[in-house]
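Now for the letters of each chain:
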Amino acid sequence: MFLQPVEIWEMIRMIGTARIVMPKAMVRLSAGRVRFSMSEQALCFLAGANSIFTGEKLLTTPNNDFDADQLMFKTLGLIPKPPSFSEDDSESENCEKVASASH
């Protein structure tokens, strides 16, 4: 089965709905955003997206170039959040719980 591409206004509505229904969720733009211009991606951020997946390729789908993403962040005045690997990070706690449960 082949999924049809989502048009920008459908994407914006989905992001806005996700933000309202799940206000604490990370709403990420990922594979397929190469189809959207910088201004269209800006609308996605305004609708409530707060994260992107970056890298040359996502599984089998081409992704935006890292430098293009950096330029977009600079142009839009967005500041990327640095990765968090602290001890109090809940994700690292969950990993430790899983690791200790398997022993």
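Now for a description of the structure that goes with this document. All values derive from a computational prediction rather than experimental measurement.

Inspection of the secondary structure assignment puts Arg-33 in the loop between strand E1 (28–29) and helix H2 (38–47). Here Arg-33 falls in the buried class, since its relative accessible area comes to 2%. At 2.7 Å, the side chain of Arg-33 forms a polar contact with the side chain of Asp-69. Setting aside chain neighbours within four positions, we find Arg-33 in contact with Gln-41, Ile-52, Phe-53, Thr-54, Asn-63, Asn-64, Asp-69 and Met-72.

For the rest of this paragraph, the subject is the pattern of salt bridges. A side chain with one charge may pair with a side chain of the opposite charge, provided their charged atoms come close. Enumeration according to the criterion identifies two salt bridges in this entry. A salt bridge links Arg-35 to Glu-7; its shortest N-O distance comes to 3.9 Å. Within this pair, whereas Arg-35 is found in the loop between E1 and H2, its partner Glu-7 is found in the segment before helix H1 (8–21), the two being separated by 28 residues in sequence. Looking at Arg-35, the relative accessible area reads 45%, which means it is partly exposed. Classification of Glu-7 by relative accessible area gives partly exposed; the value is 47%. The partner of Asp-69 in a salt bridge is Arg-33, and the shortest N-O contact between them spans 2.7 Å.

Turning to its location among the elements, Arg-19 is positioned in helix H1. Of the polar contacts made by the side chain of Arg-19, one reaches the side chain of Asn-50; its length is 3.4 Å.

If you add up the space inside the second largest pocket, you get close to 230 Å³. In terms of lining residues, the second largest pocket is bounded by Val-6, Met-11, Ile-15, Arg-28, Leu-29, Ser-30, Ala-31, Gly-32, Arg-33, Arg-35, Phe-36 and Cys-44. Mapped by element, the contributors of at least two residues to the lining of the second largest pocket are H1 and E1. Its residues placed into classes, the lining of the second largest pocket shows seven nonpolar, two polar and three charged.

Time to look at the packing of H1 against H2. Running from N to C, H1 and H2 point in directions that differ by 20°, and their axes come no closer than 8 Å. In terms of orientation, H1 lies roughly parallel with respect to H2. Crossing of H1 against H2: the hand is right-handed. For the pair formed by H1 and H2, the contact residues are Ile-8, Trp-9, Met-11, Ile-12, Ile-15, Gly-16 and Arg-19 on the first element and Glu-40, Leu-43, Cys-44 and Ala-47 on the second. Class assignment of the residues belonging to the contact of H1 with H2 gives a composition of eight nonpolar, one polar and two charged.

A word on the nonpolar core. Within the largest apolar cluster, 13 residues are counted, with the highest numbers of intra-cluster contacts made by Ile-15, Leu-29, Cys-44, Phe-45 and Ala-49. Sorting the residues of this core by element identifies H1, H2 and helix H3 (66–76) as the ones contributing at least two each. Looking at this core, the element that brings in the most residues is H1, giving four residues. Excluding its chain neighbours within four sequence positions, the residues that come into contact with Leu-29 are Ile-15, Gln-41, Cys-44, Phe-45, Ala-49, Ser-51, Ile-52 and Phe-53.

Calculation notes
- Starting afresh in each chain, residues are numbered from 1 along the sequence in its written order.
- With pLDDT at 70 or above as the cut-off, local features in this predicted model cover only qualifying residues; side-chain atom pairs require 80 or more to be listed or tallied, and sums for whole chains, interfaces and linings still use all residues.
- With hydrogens and water set aside, each side-chain value is computed from the structure's full complement of heavy atoms.
- Here a strand is any run of E in DSSP of at least two residues, a helix any run of H or I of at least four, and the numbering for each starts at the N terminus.
- A 1.4 Å probe rolled over the protein chains alone gives each residue an accessible area, and that area as a share of the maximum for its type sets the label: buried under 20%, exposed over 50%, partly exposed in between.
- Identification of polar contacts relies on pairs of N or O atoms within 3.5 Å, with a donor-acceptor requirement for protein atoms, meaning one able to donate a hydrogen and the other able to accept it, and with residues adjacent in sequence counted only if both atoms are side-chain atoms.
- We call two residues contacting when some pair of their heavy atoms lies within 4.5 Å.
- Here a salt bridge means any side-chain nitrogen of Lys or Arg lying within 4 Å of a carboxyl oxygen belonging to Asp or Glu.
- Definitions used throughout: a 1 Å grid over protein atoms alone; a cavity as a set of points that fits a 1.4 Å probe which cannot get out; a pocket as an open set with protein on both sides within 12 Å along at least five of seven lines; a lining residue as one with an atom within 4 Å of a point.
- Grid points are joined across faces, edges and corners, and a volume is the space filled by probe spheres set on the points.
- Each residue is assigned to one of three groups, with Ala, Val, Leu, Ile, Met, Phe, Trp, Tyr, Cys and Pro labelled nonpolar, Asp, Glu, Lys and Arg labelled charged, and all others, Gly among them, labelled polar.
- Only C-alpha atoms enter the line fits that serve as axes; for helices the fit covers just the stretch in contact. Angles between N-to-C directions range over 0 to 180 degrees.
- With respect to orientation, any angle under 35 degrees is reported as roughly parallel, any angle over 145 as roughly antiparallel, any angle of 65 to 115 as roughly perpendicular, and every other angle as oblique.
- Two helices cross in a left-handed way if the nearer one is turned anticlockwise from the farther one by less than a right angle. They cross in a right-handed way if the turn is clockwise.
- In this description, a nonpolar core means a group of buried Ala, Val, Leu, Ile, Met, Phe, Trp, Tyr and Cys residues linked to one another through side-chain atoms lying within 4.5 Å.

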